[in-house]
Amino acid sequence: MSDSRAAVSMRGVTKRFPGVIANDRVDLELLEGEIHTLLGENGAGKSTLMNVLTGIYLPDEGSISVAGKPVRFNSPKDAIALGIGMVHQHFKLVQSHTVTENIVLGLAGGFQPVRLSEAEGRVAELSERYGVKVDPGAHVWELSIGEQQRVEILKILFRGAKILLLDEPTAVLTPQEADELFVTLRSMREKGHSIVFISHKLDEVMAISDRITVLRGGKNVGTVQTSATSPRALSNLMVGREIQFQTYPRPEMKGESILEVKGVSAEGDRGLPALKDVSFEVASGEILGFAGVAGNGQEELAQVVTGLKAISSGSITVDGRPMAGASAKDFIDAGVSYVPADRHGVATVGDMSLTHNSVLRRYREEKFGQGPLLNLVAASKYADRLIEEFDIKTPGRETAVRTLSGGNLQKVILAREMTTRHRLLVVMSATHGLDVGATEFVRETLNHHREEGAAIVLISEDLEELLSLSDRIAVLFHGEIMGIVDAAQAEIETLGLMMAGERQSEAVA
Amino acid sequence: MEADLSVLIIAILQAAVRSGTPILFVCIGEIYAERAGVLNVGLEGLMLIGAISGFTVSFTTGSAPLGVAAAAIAGGLFALIHAFTTITLRADQIVSGLTLTILGTGISGFFGKAMIGQVGPGFDRLELPVLAQIPVLGEIFFRQDAMVYLSFLLVPLTWWVMFRTHLGLAIRSVGESPATADSLGVSVTRVRYGCVVFGGAMAGVGGAYLSLAYTTMWVEQMSGGRGWITLALVIFAGWNPAKAFLGAYLFGGAEALQLRLQAVGLGIPTYFLMMLPYVLTIAILVMASRASLRRRLGAPAALGVPYAREER
Ligand SMILES: Nc1ncnc2c1ncn2[C@@H]1O[C@H](COP(=O)(O)OP(=O)(O)OP(=O)(O)O)[C@@H](O)[C@H]1O
Ligand SMILES: [Mg+2]
């Protein structure tokens with residue numbers, strides 16, 4: 001059978017980092033013309049294995065062959081030459097350059113002139129052929145995350161790569177964008193490309209892949225045909241135990257109103273209006289979900305209710321206290337916590353240890369500080385507790401957090417924010433990039449806080465998640481609230497229409 | 001009277017170009033290094049190295065062009081130290097650069113002892129045919145020495161390399177996001193070494209201009225802070241060679257003016273007058289680039305950050 005030849009085969013690949021074995025004698029075979037999913041918990045070693053396959057990490061042991069020939073990668077250049085391209089979990093793009101400049105980077109050297117217009121033509125032609133639309137002349141910083149991902153894909157196609165590695169491409173996409181991506185992936189498969197796909201969303205994995213390989217603790221614990229498995233079997237394989245998917249019975253327990261937002265408008269970073277006349281209330285013991293396509297004011301909404309952004313009009317009160325002109329510290333003192341979506345920039349200090357990151361917000365508390373001094377003993381104990389409770393995979397509490405896997409970094413932030421007592425918890429894309437076990441845990445924790453009487457603002461692009469956790473769901477579109485619906489009666493179609501800009505009354509009618 | 005004034009102004013502008021030239025060389029070189037993400041605060045030391053090696057070689061061989069070549073080589077070699085410590089050993093760029101300044105000052109002082117008081121061969125004024133006849137502009141720009149013309153060529157050349165060639169795209173990418181460049185097969189190490197060494201060579205040439213054209217002798221510490229002012233200039237010029245051109249002559253103009261004022265003797269203490277070019281240049285550049293500084297435009301995102309492929 002010619003179509004079952006191995007495009008890539010990895011044998012006994014081992015990669016160690018200080019304190020962790022990220023890949024432990026992993027075998028992986030990618031067939032020509034297949035979509036092969038890599039599945040595994042946060043820190044299981046998926047990104048590491050793919051980085052080995054692109055020549056970014058040198059494996060400590062093991063061998064790789066491409067199209068049957070043994071190869072050795074000394075640098076990413078070698079992998080590119082063999083037609084291997086990767087879309088990284090955290091994109092590798094030069095923000096200040098244009099799309100085309102990013103695409104042609106490294107294709108030639110020396111004093112050869114960059115022929116931008118010629119390249120733009122080819123980019124346009126490729127976007128047409130694979131249905132990946134993006135403006136070749138735009139600067140990367142101007143693009144949405146979804147568009148940036150398309151640039152990454154075009155970059156690979158432009159180099160004529162036959163083997164594509166996509167590390168959690170759908171984690172940053174809206175449901176619609178993810179569907180578009182799948183269309184693209186299928187058309188690539190038809191054209192003979194081999195694709196490795198990484199995702200934590202089991203339904204996607206079941207829908208798109210031909211075969212699935214599960215990693216656990218750096219080891220390959222099994223490769224299966226998609227048609228011969230089920231989401232339940234996969235998650236058991238992944239975690240090594242049975243996972244309970246809970247539905248949360250939601251007793252009505254709404255108490256006094258905690259957060260009141262009235263007629264708030266605010267400007268975005270580029271000086272354009274980002275929120276327009278937004279009003280809502282969240283009560284104690286209530287989860288208010290915010291749905292919407294990314295970039296419709298979610299970020300700004302989270303920032304104004306946590307004191308990180310000034311409002312241009314309207315009023316915000318927490319527990320009846322007006323918070324106009326209040327600083328982020330005033331909000332913290334009023335019992336407001338925030339889990340932002342940008343894990344690297346806003347939420348953690350990469351070079352600092354897990355211990356220090358875990359007390360970042362609380363170093364002023366008596367428990368952790370004595371006058372100007374930090375109580376490191378208490379902080380260390382606290383960090384150990386978080387690692388234990390949240391099952392954070394790390395060599396230890398002294399590890400710099402930038403070396404953690406994407407999902408584990410998210411756990412550090414969640415752990416820090418969720419163990420504090422609060423009146424109001426603002427959570428953005430909480431389970432983004434988390435594996436099934438961790439997702440369950442976060443949902444449980446959110447529900448627990450709700451029962452304790454906190455008010456929760458939950459901003460997410462994952463409609464399923466919003467439907468299963470929230471009491472009410474508000475939909476944001478171009479910075480305005482299209483309507484607020486009761487989660488128990490909400491229908492996905494109605495929400496979808498509102499996300500596309502129809503007001504509640506129109507969408508229902 | 002009016003004719004006198006215009007003659008005076010033209011003379012001052014002519015001197016401005018001469019005074020600005022050494023800075024222009026250094027500035028162009030540093031733009032390469034910083035665009036690739038490596039800050040070199042050792043420019044002052046590299047200029048001194050260039051000045052003394054250029055002077056020594058031209059004095060002993062009798063050839064000023066040979067002196068310039070020697071200055072470029074010496075500057076490049078000393079910059080190689082900086083490249084090795086910051087790129088290979090990944091040491092702090094500021095510390096390494098400061099060391100270079102101290103080293104350059106010491107070494108040039110030591111080897112320069114024998115040259116003090118000597119007058120060597122230098123670059124003579126070379127009027128360019130036709131161009132020198134253009135009224136005013138010709139007098140200011142085209143009745144200069146060969147090194148000035150070399151610096152003229154360097155500006156558009158650098159702009160072309162930086163913004164129109166694959167090499168330039170690679171340099172700018174390495175300075176913005178080394179991991180991105182690396183993942184596409186661009187060797188971050190090679191690009192950074194190349195830029196730092198070239199930057200050092202240019203700083204050496206800038207120094208040699210002082211001892212082979214601006215004057216034709218060696219004076220201890222003759223760079224006189226020009227290396228430091230260049231660092232500021234690179235920032236205010238937004239890492240753009242065309243703006244560096246204007247900035248360098250701005251400094252040159254202030255210096256030329258200052259020297260005139262000293263000669264006239266207005267009763268202002270000379271130390272204040274000597275401060276003038278530095279203060280004036282910084283003040284004007286701050287005003288001119290206020291808008292872009294406020295928006296934090298231009299600085300290469302990975303400037304000062306060492307890169308290691310397997311680290312995240
Ligand atoms: N460059 C590095 N330096 C140190 N440790 C690393 C590095 N890269 C990965 N690790 C460690 O290797 C392990 C595997 O990480 P990896 O990023 O491959 O996980 P993953 O399966 O992709 O997880 P996620 O789903 O969270 O993205 C983790 O424990 C991580 O901390
Ligand atoms: Mg990963």
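These numbers were taken from a predicted model, which means no experiment stands behind them.

Enquirer: Report on the layout of surface pockets, specifying residues and quantitative values.
Expert: Which parts of space are left empty comes out when a probe the size of a water molecule is rolled across the atoms. Considered as a void within the structure, the second largest pocket measures approximately 650 Å³ in volume. If you go around the second largest pocket, you meet 33 residues; those closest to its centre are Phe-17, Val-20, Thr-403 and Ser-405 of chain A together with Arg-312 of chain B. Secondary-structure elements contributing two or more residues to the lining of the second largest pocket are strand S2 (20-31), helix H1 (46-53) and helix H14 (406-418) of chain A. When grouped by side-chain class, the residues that make up the lining of the second largest pocket number nine nonpolar, 16 polar and eight charged.

Enquirer: I'd like to hear about the sheet that holds strand S21 (residues 472-477) of chain A, residue by residue, with values.
Expert: Residues and elements named next belong to chain A. Across the sheet, which stays open at both edges, the six strands sit in the order S16-S19-S20-S13-S21-S22 with mixed pairing between neighbours. Edge positions in the sheet fall to strand S16 (336-339) and strand S22 (480-486), since each has one partner strand and no second. For this sheet, the mean inter-axis angle between neighbouring strands, taken without regard to orientation, is 15°. Taken together, the five bridges between strand S13 (residues 286-291) and strand S20 (residues 455-459) define a ladder with parallel strand orientation. For Glu-286, the partnering residue across the bridge sits in S20 and is Ala-455. On the sheet, helix H15 (residues 436-451) packs against S13, strand S19 (424-428) and S20 and is oriented at approximately 150° with respect to S20. Sheet contacts for helix H17 (residues 492-499): S13, S21 and S22; angle to S21, the most-contacted strand, approximately 30°.

Enquirer: How would you sum up the coordination of the magnesium ion (ligand 2)? Please name residues and give values.
Expert: Residue and element names in this part refer to chain A. Donor atoms from the polypeptide that bind the magnesium ion (ligand 2) are Ser-47 (OG) and Gln-89 (OE1), placed at 2.0 to 2.2 Å. Of this pair, Ser-47 sits in helix H1 while Gln-89 sits in the loop between strand S6 (84-87) and helix H3 (99-104), and the two are 42 residues apart along the sequence. Taking relative accessible area as the criterion, Ser-47 reaches 14% and is therefore assigned buried.

Enquirer: Outline empty space enclosed by the protein, supporting the account with residue identities and numerical values.
Expert: Tallied over the full model, the rule gives three cavities of 30 Å³ or more. Here the largest cavity defines a volume of roughly 180 Å³. As for the largest cavity, its lining consists of 16 residues, and the residues nearest its centre are Ile-84, Gly-85 and Met-86 of chain A together with Ser-183 and Leu-184 of chain B. The residue makeup of the lining of the largest cavity, split by class, is eight nonpolar, four polar and four charged. For the lining of the largest cavity, the domains that each give at least three residues are domain 1 (1-83 + 161-245) and domain 2 (95-160) of chain A. For the second largest cavity, the full set of lining residues is Gly-131, Val-132, Gly-146, Gln-149, Arg-150, Ile-153, Leu-173, Glu-177, Glu-180, Leu-181 and Thr-184 of chain A. The set of elements that each furnish at least two residues to the lining of the second largest cavity consists of helix H5 (145-158) and helix H6 (175-190) of chain A. Broken down by class, the residue content of the lining of the second largest cavity amounts to four nonpolar, four polar and three charged.

Thresholds, definitions, all that
Residues numbered from 1 in each chain as written. Chains lettered and ligands numbered in written order. Predicted model: local features only at pLDDT ≥ 70, side-chain atom pairs only at ≥ 80, totals over all residues. Heavy atoms only, no water. 1 Å grid on protein atoms, 1.4 Å probe; cavity = no way out; pocket = protein on both sides within 12 Å on 5 of 7 lines; lining within 4 Å. Points joined across faces, edges and corners; volume = space filled by probe spheres on them. Helix = DSSP H or I, 4+ residues; strand = E, 2+ residues; numbered from the N terminus. Nonpolar A, V, L, I, M, F, W, Y, C, P; charged D, E, K, R; others polar. Pairing = 2+ DSSP bridges. Axes fitted to C-alpha atoms, helices over the stretch in contact; angles between N-to-C directions. Contact = heavy atoms within 4.5 Å. Donors = N, O, S within 2.8 Å, 3.2 Å for Na, K, Ca; no water. Buried < 20%, exposed > 50% of the residue type's maximum accessible area, 1.4 Å probe, protein only. Domains from an automatic or database assignment.

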